[in-house]
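This is what each chain is made of:
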Amino acid sequence: MYNCGLLKFRKITSNSNKEFGALTPIEFLNEIPFDVKRLYYIYDVNSEQIRGQHSHKKLHQVLICLNGSVDVKLINHFGEKVYTLNDSSEGLYVGPDNWREMYNFKEGTVLLVLASEKYDEDDYIRDFDTFLEFNEKKYGRK
Ligand code: T46
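Values in this document were obtained by computation on a predicted structure and should not be read as measured data.

K.L.:
Please give an account of the overall build of the protein that cites residues and values.
P.N.:
Counting its secondary structure elements, the protein contains two helices and twelve strands. Going residue by residue from the N terminus, the α and β elements of the protein occur as β-β-β-α-β-β-β-β-β-β-β-β-β-α. The C-alpha radius of gyration computed for the protein amounts to 16 Å, which stays within 12% of the reference 14 Å derived for 142 residues, consistent with globular compactness. Structurally, the protein occupies a C-alpha span of about 55 × 35 × 25 Å along its principal axes.

K.L.:
Which residues make up the site of the ligand, and what values do they have?
P.N.:
Around the ligand sit 13 residues in total, of which R38, R51, H56, Q61 and Y124 are the nearest. Within the contact set of the ligand, an oxygen atom lies 2.8 Å away from a side-chain nitrogen or oxygen of R51. Within the contact set of the ligand, an oxygen atom lies 3.4 Å away from a side-chain nitrogen or oxygen of H54. Summarising the interface, the protein chains cover 69% of the accessible area of the ligand, which totals 650 Å² for the free molecule. Every element with two or more residues in the shell around the ligand is listed here: β4 (38–43), β5 (51–56) and β10 (99–103). For the shell around the ligand, the residue count by class is five nonpolar, four polar and four charged.

K.L.:
Let's hear about the pattern of salt bridges: which residues, and what values?
P.N.:
Taken as a whole, this structure holds seven salt bridges when the rule is applied. Between D87 and K8 there is a salt bridge; the shortest N-O distance is 3.4 Å. In this pair, D87 is assigned in the loop between β8 (79–85) and β9 (90–94) and K8 in strand β1 (residues 4–8), connecting sequence segments 79 residues apart. We classify D87 as partly exposed; its relative accessible area is 23%. By relative accessible area, K8 is classed as exposed at 55%. The partner of K37 in a salt bridge is E117, with the nearest N and O atoms 3.3 Å apart. Here the residue K37 occupies a position in the loop between α1 (28–31) and β4, and E117 occupies one in the loop between β11 (110–115) and β12 (124–125), the gap between them amounting to 80 residues. Among the residues examined, K37 registers a relative accessible area of 53% and is labelled exposed.

The rules we used
- Residues numbered from 1 in each chain as written.
- Predicted model: local features only at pLDDT ≥ 70, side-chain atom pairs only at ≥ 80, totals over all residues.
- Heavy atoms only, no water.
- Helix = DSSP H or I, 4+ residues; strand = E, 2+ residues; numbered from the N terminus.
- Rg over C-alpha atoms; globule rule 2.2 N^0.38 Å.
- Near = heavy atom within 4 Å.
- Polar contact = N/O pair within 3.5 Å; in protein donor to acceptor, adjacent residues only side chain to side chain.
- Areas by Shrake-Rupley, 256 points an atom, 1.4 Å probe, with all protein chains shown as cover.
- Nonpolar A, V, L, I, M, F, W, Y, C, P; charged D, E, K, R; others polar.
- Salt bridge = Lys/Arg side-chain N within 4 Å of Asp/Glu carboxyl O.
- Buried < 20%, exposed > 50% of the residue type's maximum accessible area, 1.4 Å probe, protein only.

In structure tokens:
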């Protein structure tokens, strides 16, 4: 898929003690494909709720599901794909021009998001037809 994809982070566990648990370190400079300027997290979402339903003109983000499970549908000029995020050693990179929808939030899900820019409502496209027109101008007719 264009301008998005899964990132695998390290998961450090103990071979001798399964109860020790796991630790995932992320070094922003080496492992995140942009400078992180902001983070936020989404939680307490009802399982019937659909969030997102917008795209960004410039923003790069990485979505990491710290607990639970959530489906993320991405649509861009070149295709669409659904990612199930349920592993906290994985991150979903989402670049600009991707329409995103997050749904099927399992109870207790915490979705951490690393973002390349400060919050800016002008960077959002919240109407699907406007998103299609914007991408057609940028990438050409399909
Ligand atoms: C995205 C997906 C994955 C702020 O004031 N500051 C912030 O940094 C953010 C992210 C949001 N807000 C406000 C704007 C709205 O009044 O929080 C409210 C809820 O935001 P929104 O409806 O955009 O939330 P989601 O879950 O639909 O989308 C969020 C991000 O906004 C978006 O960039 O890609 O998560």
